Amino acid sequence: VTNAIAISGTESQVTAALVDTDTKVVAINATVTISGAATIAELTAIDAAISNTVSASAVSDTAANLVTNSGGYVTGSVNVTITGSVTASQLKTINDSTDGSITLNVTTDALFGTATDLANAFSGTVTQHTGTVVITDDPSATELQTINNATYGAITFGGGVTFTLSGTGSVLAAALNNVTNLEG
């Protein structure tokens, strides 16, 4: 195609140009760049109106929609905003999909999971978490430090978890900062 056009704008502007029946233009070969955040459904609707791909630097949606990631929009360095509650498993999956920042609109959710999954969920740039974190297995000092650095909430351990931590004094101090039910 020699006369392909590039369309860029906010999600609502691009939706009006390509999706809304009353205002849309036919631009099947357009290259589309979305400024600002859009939901997975909005990106999917715009994507269906063109034959090229849609580029967005930010996606804002529920954790369930972001995990499903229909259309593969949460990838690369896309920044993500999770608009409601999130589980540790969902946060890990979303974090595994993007190198961009992750904003938690709800920071108070109680998160449960293995130390590895929780550390992976909090890796990268994630909004400071303030809810309780429950670790269900034996953490390493480094995993516990990563989790502790990401939350101001209490860190507890699921029933019967016993473990030995080893590391430098600074790693152990950072790892144990918010731990509330450690004995031994």
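Calculation criteria
Every residue gets a number counted from 1 within its own chain, in the order that chain's sequence is written. Only residues with pLDDT of at least 70 get local features here, since the model is predicted, and only at 80 or more are side-chain atom pairs given and counted; chain-wide, interface and lining totals rely on the full set of residues. The basis for the side-chain values is all heavy atoms of the structure; hydrogens and waters are excluded. Each helix is a run of DSSP H or I of at least 4 residues and each strand a run of E of at least 2, with the numbering of both proceeding from the N terminus. In this description, contact between two residues means that some pair of their heavy atoms is separated by no more than 4.5 Å. Two strands are counted as paired when DSSP detects at least two bridges linking them. Between N-to-C directions, angles cover 0 to 180 degrees, with each direction set by a line fitted to C-alpha atoms, over the stretch in contact for helices. A simple rule labels every residue: compare its accessible area, found with a 1.4 Å probe on the protein chains alone, to the largest value its type can have, and call it buried under 20%, exposed over 50%, or partly exposed in between. Crossovers are marked right-handed if the path from the first strand over the helix to the second runs clockwise, as seen with the strands pointing away from the viewer. One side-chain nitrogen of Lys or Arg within 4 Å of one carboxyl oxygen of Asp or Glu is enough to make a salt bridge. pLDDT is a residue-level measure of predictor confidence that goes from 0 to 100. This arc corresponds to the set of directions leading from the helix axis out to the C-beta atoms.

Here we come to the overall build of the protein. When helices and strands are tallied, the protein shows seven helices and eight strands. A separation of at least 24 residues holds for 38% of the contacts in the protein among residues at least 6 apart in sequence.

Our focus in this paragraph is the sheet that holds strand β7 (residues 133-135). Within the open sheet, the three strands sit side by side as β6-β7-β8. Their pairing is parallel. Looking at strand neighbours, the two that pair on one side only are β6 (111-113) and β8 (155-157), the edges of this open sheet. Adjacent strand axes in the sheet meet at a mean angle of 20° when their direction is disregarded.

Right, let's get into the pairing of strand β4 (residues 79-82). Alternating residues of β4 divide into Val80 and Ile82, all buried, and Asn79 and Thr81, none buried. When strand β3 (residues 54-61) meets β4, the two strands line up parallel, connected through four bridges. Directly across from valine 59, in β4, lies its bridge partner valine 80. Note on the crossover from β3 through helix α3 (residues 63-68) to β4: the handedness is right-handed. Here three bridges tie β4 to strand β5 (residues 102-104), and the two strands are oriented parallel to one another. Looking at the pairing, valine 80 lines up with isoleucine 102 of β5. Considered for its hand, the β-α-β crossover made up of β4, helix α4 (residues 88-97) and β5 is right-handed.

What follows concerns the environment of valine 171. Mapped onto the fold, valine 171 is located in helix α7 (residues 169-175). Note: C-alpha distance between valine 171 and threonine 142 (29 residues apart in sequence) is 7.0 Å. Not counting residues up to four positions away in its chain, the partners in contact with valine 171 are Ala141, Thr142 and Gln145.

Under the defined criterion, the tally for this structure stands at one salt bridge. A salt bridge links lysine 92 to aspartate 96; the nearest nitrogen and oxygen atoms lie 2.8 Å apart. On the criterion of helical spacing, the pair formed by lysine 92 and aspartate 96 is a turn pair, its members being four residues apart in helix α4.

Let us look at the sheet that holds β4. In any sheet, the strands associate via hydrogen bonds between backbone groups, in a parallel or an antiparallel arrangement. Strands sit in the order β1-β2-β3-β4-β5 across an open sheet of five strands; the sheet is parallel. Looking at which strands have only one partner, the edges of the open sheet turn out to be β1 (6-10) and β5. On average, adjacent strands in this sheet sit at an angle of 15° to one another, irrespective of strand direction. Each of β2 (31-38) and β3 is contacted by helix α2 (residues 40-48), which is oriented at about 155° to β3, the strand it contacts most.

What follows is about the confidence of the model for the protein. The share of residues in the protein with pLDDT of 70 or more is 89%, and the mean pLDDT across the chain is 85. Model confidence for the protein, summarised as mean pLDDT per element, is weakest for α7 at 75 and strongest for β4 at 97.

Along helix α1 (residues 11-18), the residues classified as buried are Glu11, Val14, Thr15 and Leu18. When α1 is viewed along its axis, its buried side chains cluster within an angular range of 105° and face the same direction.

Summarising the element assignment, glycine 84 is placed in the loop between β4 and α4. A C-alpha to C-alpha distance of 6.9 Å links glycine 84 and alanine 63, two positions 21 residues apart in sequence. If sequence neighbours within four positions are ignored, glycine 84 has contacts with Val106 and Asp109.

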